[in-house]
Each structure stands twice: as C-alpha cells, then as structure tokens.
Amino acid sequence: MAQTANRKTADGTRKLYAWHAPEVECINKGKARCHYEFGVKVGIASTLKHSLIVGARAFHGNPYDGHTLQAQLEQATILMQDTGIKPSTAFADLGYRGVEADIADVRLVHRGKIKRLTHEERKLLKRRQAIEPVIGHLKQDHRMDRCHLKGEQGDRLHAVLCAAGYNIRWLLRMITKKGVPFLRRAFLRLIAAVRLIGRWLAQRRPTETSGANPAQLRLRAA
C-alpha cells in the first residue's frame, strides 16, 4: 500500500498538491535542511564498479522503497538484455529490506545482513554509497530536479532522458581517458543503449495512442 493512502482531506478525498500536476506527491525527506519535497519518486540503478546508470524509473503514488525494487530490476534486465548480462546481486540501503521473496533470482545485500556477509561482500557494500553522487549529478547537471513534461508519462520519459544524458557524458569521459581505440566500442555501445531505451519506451507507451497519427499526438501534447 502506498504511503500516501492516509494523506486525505477531511471528506476522504485525496489531497491535491498542484493544480497543473495532479500526480505530484508530498515526499518526506527526513532531513533538517529539507523536511519534504513535492514531486515524484524516481529509482536509479547503476553498475557497482563504474557507476553507469542501467535503470531509471519514476514511481507514482510515493510507494515504499522496497516495493519498487522488483520493477527497477525488471527495467534494468530489459535494458541490458542484448549484452547477455542480468542483475545477480543488488546492493541497497535498509529501505529495501524484507523484499527477498519478490526478487527470487537476485540476491539482495544490505547493512542489515552485515553479520552474514563475507569480507568481500562487506567491501562491495561500501560501494553502495556511490549512488548518492550519481543522484546529485542527475539533479544538478542533468535537470532531474524539475520535470517540464506533462503527466505521469512525461515523468517516466524525463527520468529516462536524464539518465541517458548522464551516460552520454560518462562515455565522453571514458573516451577522453582511454583514447581513440576506445572510441569505436563506446560508440557502438551508445547506439545499442539508445535502441534499447527506444524499445523500452515503445513497450511502455499507452495503448490509447497506438492508432493516433503524429499530428494528433502533437495537438494532444500541446
């Protein structure tokens, strides 16, 4: 059940935080400098060693963090299917504990299992904190702090596009660091990533727009 189920007015209706964006929720941050924010929760999945984003998905209704892990891993699996790699281990914070039954094929590692982890797994668990600067760069450098697209579909597109911009900048840094021999492989991987993102967005597209022509879609978006 979503955390916002109890956020209702006296007559039992759901609270409305923005007239122009009814999907916006009030998200509790639990920080002294920022008690809460108005927006939509976005989940980010990145690789463990190089912090390359392999999944970015918007979750409406302000669900509990652990209830978003299965959908996040599903998106990451779809985006990496052409590489032949599937997520096998997920390193997360304590907000994702207790959902092992939902992700039977993926091993969940968090700080609550510290006594049952090996020495190598404890070292890898410290790398989980690397997702925090990735989120910061997405907000400050790639415009994830504010979405200018309309509706829930616009929020999902915005999250994926911000992650794609981050990955493109990551590839440019790697090209500069590795030199010209790395250029061809990076360019091919970039093309494959763009195709996968387009394929995933086509699967997520609402069925009601399947029979509309581009002119109607532009008018509807306007």
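Only a predicted model underlies this, so the values are computations on that prediction, with no experimental measurement involved.

K.L.:
How should the pattern of salt bridges be read in this particular structure?
P.N.:
When charged atoms on two side chains of opposite charge get close, those side chains can pair. Inspection of the entire model under this criterion finds 5 salt bridges. Between K113 and E100 there is a salt bridge whose closest N-O contact spans 3.1 Å. In this pair, K113 is assigned in the loop between β6 (107–109) and α2 (119–125) and E100 in the loop between β5 (89–91) and β6, connecting sequence segments 13 residues apart. Overall, E100 belongs to the partly exposed group, its relative accessible area being 31%. Across the pair E152 and R156 runs a salt bridge whose closest N-O atoms are separated by 3.7 Å. Here R156 and E152 lie together in helix α4 (residues 151–178), a separation of 4 residues that amounts to about one turn.

K.L.:
Just checking my understanding: could you explain unusual backbone geometry for this structure?
P.N.:
Backbone geometry follows two general trends: most residues other than glycine have a negative phi, and most peptide bonds adopt the trans configuration. Positive phi outside glycine occurs at S51, with the angle close to 60 degrees. By secondary structure assignment, the location of S51 is in the loop between β3 (41–46) and β4 (53–59). Given a relative accessible area of 12%, S51 falls into the buried group. With a phi angle near 50 degrees, N62 is a residue other than glycine that sits in the positive phi range. Secondary-structure assignment places N62 in the loop between β4 and α1 (69–79).

K.L.:
Can you help me understand the confidence of the model for the protein in this one?
P.N.:
Detailed reading of the predicted coordinates is not advisable wherever pLDDT is low. For the protein, the average pLDDT comes to 81, and 82% of its residues sit at 70 or higher. Low pLDDT (under 50) marks residues 1–5, which in the prediction has 10 contacts with non-local residues, meaning those over four places away or in another chain.

K.L.:
What is the right way to read α4 from this model?
P.N.:
Two residues of an α-helix separated by three or four positions point the same way, owing to the 3.6 residues in each turn. Spanning 28 residues, α4 covers 41 Å between terminal C-alpha atoms, matching the ideal 40 Å at 1.5 Å per step. The set of residues buried in α4 consists of G154, D155, H158, A159, V160, C162, A163, Y166, N167, W170, L171 and M174.

K.L.:
Is there a simple way to think about the packing of aromatic side chains in this case?
P.N.:
Each aromatic ring pair is summarised here by two numbers: the centre-to-centre distance and the angle between the ring planes. Throughout the structure, instances matching the rule amount to 2 aromatic pairs. Summarising the aromatic geometry, the rings of Y17 and F38 are spaced 5.5 Å apart at their centres and angled 50 degrees between planes, so their arrangement reads as tilted. With a gap of 21 residues between them, Y17 in the segment before β1 (25–28) and F38 in strand β2 (residues 36–39) connect regions that are remote in the sequence. With 5.6 Å between their ring centres and 80 degrees between their planes, Y36 and F38 make a pair best called edge-to-face. Taken together, the aromatic side chains of Y17, Y36 and F38 make up a single cluster linked through ring pairs.

K.L.:
I'm lost on the pairing of β4 in this one. Help?
P.N.:
When a strand is regular, its side chains alternate between the sheet's two faces. Among the 7 residues in β4, 7 count as buried, and that is most of the element. As judged from the 6 bridges shared by β3 and β4, these two strands associate in the antiparallel manner. Across the sheet, residue S46 finds its bridge partner in β4, namely I53. Between β3 and β4, which follow one another and run antiparallel, lie 6 residues, and S51 among them has a positive phi close to 60 degrees.

K.L.:
How should I be thinking about the environment of D141 in this particular structure?
P.N.:
Structurally, D141 can be placed in helix α3 (residues 131–141). According to the relative accessible area criterion, D141 is partly exposed, its value standing at 39%. For D141 and G165, which are 24 residues apart along the polypeptide, the C-alpha to C-alpha distance reads 9.3 Å.

K.L.:
Looking at this structure, how should I read the side chain of T68?
P.N.:
Mapping T68 onto the fold places it in the loop between β4 and α1. Setting aside residues no more than four positions away along its own chain, T68 makes contact with F59, P63 and Y96.

K.L.:
Would you mind going over the side chain of S51 with me for this structure?
P.N.:
Of the polar contacts made by the side chain of S51, one reaches the side chain of R127; its length is 3.5 Å. Those residues in contact with S51 that lie beyond four places of it in its chain are S46, R127, A130, V134 and Y166.

K.L.:
I would appreciate a short explanation of the packing of α3 against α4 in the present structure.
P.N.:
Axes are the key here: two packed helices are described by the angle between their axes and the distance separating the axes. Interhelical geometry of α3 versus α4 gives an angle of 105 degrees and a closest axis separation of 10 Å. As far as their axial angle goes, α4 and α3 are roughly perpendicular. Every residue of α4 that contacts α3 at V134, H137, L138 and D141 is listed here: C162, A163, Y166 and R169. For the contact of α3 with α4, the residue count by class is 5 nonpolar, 1 polar and 2 charged.

Reading the values: the criteria
Residues numbered from 1 in each chain as written. Predicted model: local features only at pLDDT ≥ 70, side-chain atom pairs only at ≥ 80, totals over all residues. Heavy atoms only, no water. Salt bridge = Lys/Arg side-chain N within 4 Å of Asp/Glu carboxyl O. Helix = DSSP H or I, 4+ residues; strand = E, 2+ residues; numbered from the N terminus. Buried < 20%, exposed > 50% of the residue type's maximum accessible area, 1.4 Å probe, protein only. pLDDT = per-residue confidence, 0-100. Contact = heavy atoms within 4.5 Å. Expected span 1.5 Å × (residues − 1). Phe/Tyr/Trp six-rings, centres within 6.5 Å; stacked < 30°, edge-to-face > 60°. Pairing = 2+ DSSP bridges. Polar contact = N/O pair within 3.5 Å; in protein donor to acceptor, adjacent residues only side chain to side chain. Axes fitted to C-alpha atoms, helices over the stretch in contact; angles between N-to-C directions. Parallel < 35°, antiparallel > 145°, perpendicular 65-115°, else oblique. Nonpolar A, V, L, I, M, F, W, Y, C, P; charged D, E, K, R; others polar.

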